[in-house]
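Chain residues, written in single-letter form:
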Amino acid sequence: MNDINLYEQIPKDDLPVRLHYHYDCDYIYPAHWHEHTEFHFIFSGSAVLHCGVEYINLSSKDCAIINSNELHECVSGKCSYICMILPPSFLENEHVIFERIVHDEAISKIFTDMVHVLKDKKDRYDLHIHGLVYILLSYLLSSHVRETLTENEYITRAKKLDSINSAIKYINEHFTDDIMVDELARCSHMSRGHFSHTFKAVTGKTVKQYINELRLTKAAGLLKNTDMTVTETAICSGFSDSNYFSRLFKRTYDKTPCEYRNS
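Sequence order as written defines residue numbering, which begins from 1 separately in each chain. Two thresholds apply to this predicted model, a pLDDT of at least 70 for residue-level local features and 80 or more for giving and counting side-chain atom pairs, whereas whole-chain, interface and lining totals are computed over all residues. For side-chain calculations, the full set of non-hydrogen atoms in the structure is used, while hydrogens and water are omitted.

Engineer: Help me out: how do you make sense of the overall build of the protein in this one?
Structural biologist: In terms of regular secondary structure, the protein is built from nine helices and nine strands. As a reference, a globule follows 2.2 Å times the number of residues to the power 0.38, and the radius of gyration itself is taken over C-alpha atoms. In terms of overall dimensions, the protein is globule-like: its C-alpha atoms have a radius of gyration of 20 Å, near the 18 Å expected for 263 residues. Along the longest, intermediate and shortest principal axes, the C-alpha atoms of the protein span 55 × 45 × 30 Å. Burial classes follow relative accessibility: with a 1.4 Å probe on protein chains only, a residue under 20% of its type's maximum area counts as buried, one over 50% as exposed, and anything between as partly exposed. Scored against the burial criterion, the 263 residues of the protein give a buried share of 45%. Taking as baseline every contact in the protein between residues at least 6 positions apart, the subset at least 24 positions apart corresponds to 75%. By definition, any uninterrupted DSSP run of H or I lasting at least four residues is a helix, any uninterrupted run of E lasting at least two residues is a strand, and each is numbered from the N terminus. Contact between two residues is taken to exist if any of their heavy atoms lie within 4.5 Å; hydrogens are not considered.

Engineer: Sorry, what's going on with the state of the cysteines here?
Structural biologist: Any covalent bond linking the sulfur atoms of two cysteines counts as a disulfide. When two cysteine sulfur atoms lie within 2.5 Å, the pair is treated as a disulfide. Using the criterion set out here, one finds zero disulfides in the structure. Just so you know, cysteine 79 is unpaired, no disulfide at all, and the nearest cysteine sulfur is the one on cysteine 25, 8.1 Å from it. Note on cysteine 79: relative accessible area 1%, which makes it buried. In this structure cysteine 258 is not part of a disulfide, and its nearest cysteine sulfur, from cysteine 236, lies 16 Å away. With a relative accessible area of 46%, cysteine 258 lands in the partly exposed category.

Engineer: Could you clarify how one ought to interpret the layout of surface pockets in this entry?
Structural biologist: Rolling a probe over the atoms, with the probe sized like a water molecule, indicates the empty space that remains. Put simply, the grid is 1 Å and covers the protein atoms alone, a cavity is a trapped set of points that fit a 1.4 Å probe, a pocket is an open set with protein on both sides within 12 Å along at least five of seven lines, and lining residues have an atom within 4 Å of a point. Grid points are joined across faces, edges and corners, and a volume is the space filled by probe spheres set on the points. Within this model, the second largest pocket holds a volume of roughly 360 Å³. Taken together, 16 residues form the lining of the second largest pocket, with Asn69, Glu70, Arg157, Ala201 and Val202 sitting closest to its centre. For the lining of the second largest pocket, the secondary-structure elements that each account for two or more residues are helix H3 (151-174) and helix H5 (192-203). With five residues, the single largest contributor to the lining of the second largest pocket is H3. Three residue categories are used. Nonpolar comprises Ala, Val, Leu, Ile, Met, Phe, Trp, Tyr, Cys and Pro, charged comprises Asp, Glu, Lys and Arg, and polar comprises the others, including Gly. Class assignment for the residues of the lining of the second largest pocket results in six nonpolar, three polar and seven charged.

Engineer: Which parts of the structure should I look at to understand the packing of aromatic side chains?
Structural biologist: The description of an aromatic ring pair rests on the distance of the ring centres and on the angle between the ring planes. Stacked, tilted and edge-to-face are the three classes assigned to paired rings of Phe, Tyr and Trp, where Trp is represented by its six-membered ring and a pair needs centres within 6.5 Å; plane angles under 30 degrees give stacked, over 60 edge-to-face, the rest tilted. Inspection of the entire model under this criterion finds 14 aromatic pairs. Pairing tyrosine 21 with phenylalanine 43 gives two aromatic rings, centres 5.8 Å apart and planes at 80 degrees, and the pair type is edge-to-face. Here phenylalanine 43 lies in strand S3 (residues 37-51) and tyrosine 21 lies in strand S1 (residues 18-26), a separation of 22 residues in the sequence. Counting every residue linked through ring pairs, the aromatic cluster contains Phe239, Tyr244, Phe245, Phe249, Tyr253 and Tyr260. Only when the NZ of Lys or the CZ of Arg is both within 6 Å of the ring centre and within 35 degrees of the ring normal is a charge said to sit over the ring. Note that arginine 215 overlies the ring of phenylalanine 239, its terminal NZ or CZ placed 5.8 Å from the centroid.

Engineer: It is not clear to me how the nonpolar core should be interpreted in this structure. Could you clarify?
Structural biologist: Among the buried residues, those of types Ala, Val, Leu, Ile, Met, Phe, Trp, Tyr and Cys that are joined through side-chain atoms within 4.5 Å form a nonpolar core. Ranked by internal contacts, the top residues of the largest apolar core, which has 28 residues, are Met84, Phe111, Met114, Ile129 and Val133. Going through the elements one at a time, S3, strand S5 (63-66), strand S6 (72-86), strand S7 (96-98), helix H1 (105-120) and helix H2 (125-143) are the ones with two or more residues in this core. Beyond its immediate stretch of four places on either side in the chain, valine 133 contacts Val17, Met84, Leu86, Phe90 and Met114. Counting residues in each nonpolar core, the second largest holds 21 residues, with Ala31, Ala167, Ile171 and Val207 among its members.

Engineer: Honestly, the environment of histidine 22 in this entry has me stumped. Any pointers?
Structural biologist: Position of histidine 22 among the secondary structure elements: in strand S1. Relative accessible area serves as the criterion here: at 27%, histidine 22 is assigned to the partly exposed category. The spatial distance from the C-alpha of histidine 22 to the C-alpha of isoleucine 107 is 18 Å, given a sequence separation of 85 residues. Other than its neighbours up to four places away in sequence, histidine 22 contacts Cys79, Ser80 and Tyr81.

Engineer: Could you clarify how one ought to interpret the packing of H3 against helix H6 (residues 207-225) in this entry?
Structural biologist: How two helices pack is summed up by the angle between their axes together with the distance between the axes. Close contact between H3 and H6 brings their axes to 10 Å; oriented N to C, the two are set at 35 degrees. In this structure, the crossing between H3 and H6 has a hand that is right-handed. Where H3 abuts H6, its residues Ile168, Ile171 and Asn172 lie against Val207, Tyr210, Ile211 and Leu214. Class assignment of the residues belonging to the contact of H3 with H6 gives a composition of six nonpolar, one polar and no charged. Angles here are taken between N-to-C directions and fall from 0 to 180 degrees, while the axes themselves are lines fitted to C-alpha atoms, restricted in helices to the stretch in contact. Handedness of a crossing follows from how the near helix is turned relative to the far one, being left-handed for an anticlockwise turn of less than a right angle and right-handed for a clockwise one.

In structure tokens form, the structure reads like this:
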């Protein structure tokens, strides 16, 4: 595949998988994709994950599964959670699509055991983690598979993401600017109509919706972490009209910018 700007190269680690445990942290991560399968298990708190065309509300003991070649981002929330990134080799080239959300006591126990092993780090703890991963996969494959893709279907999913990579990277880096759809279509080597259709099919949003959501996320961070006025926040987030910004913010967060800051 070419031009994989949003394709995340997962670095190698001492463990057979990438494991990150976060305690009482903000749940924010920009849009990206990879061939690995990713698991987010929430121990406490709540969060919102955007994956493909879905916004997913997560709470305690929920396990969200991001399948291979799915665009995803952590949108908002504060929680304690573990993130596990699993290489394709673990599934032996079986292109399975797991259920998106799993709430299951057996899975809860496995991830709880993983955290204990990570904290203790006894001799050859990596083998213990390895074993827990296979127990998890065995259980998921027997109980929580939504569908299995053919090789062609798998390749098609990857190509769709690849086709709009340049556009999404450009938006993420220039969302405060005045971005034209025609410009994004050109950098994606598509007609305007084809680009707009593909963009919505992959992200679940129009270009305008995607840009506004990035701007609102930026604004929410500024309101939380700075003493900027509402007008200054709007301008720094890419909104030229503070009244429009306030209306859109209220519609999205169910609070005015001032109410959001005070809360």
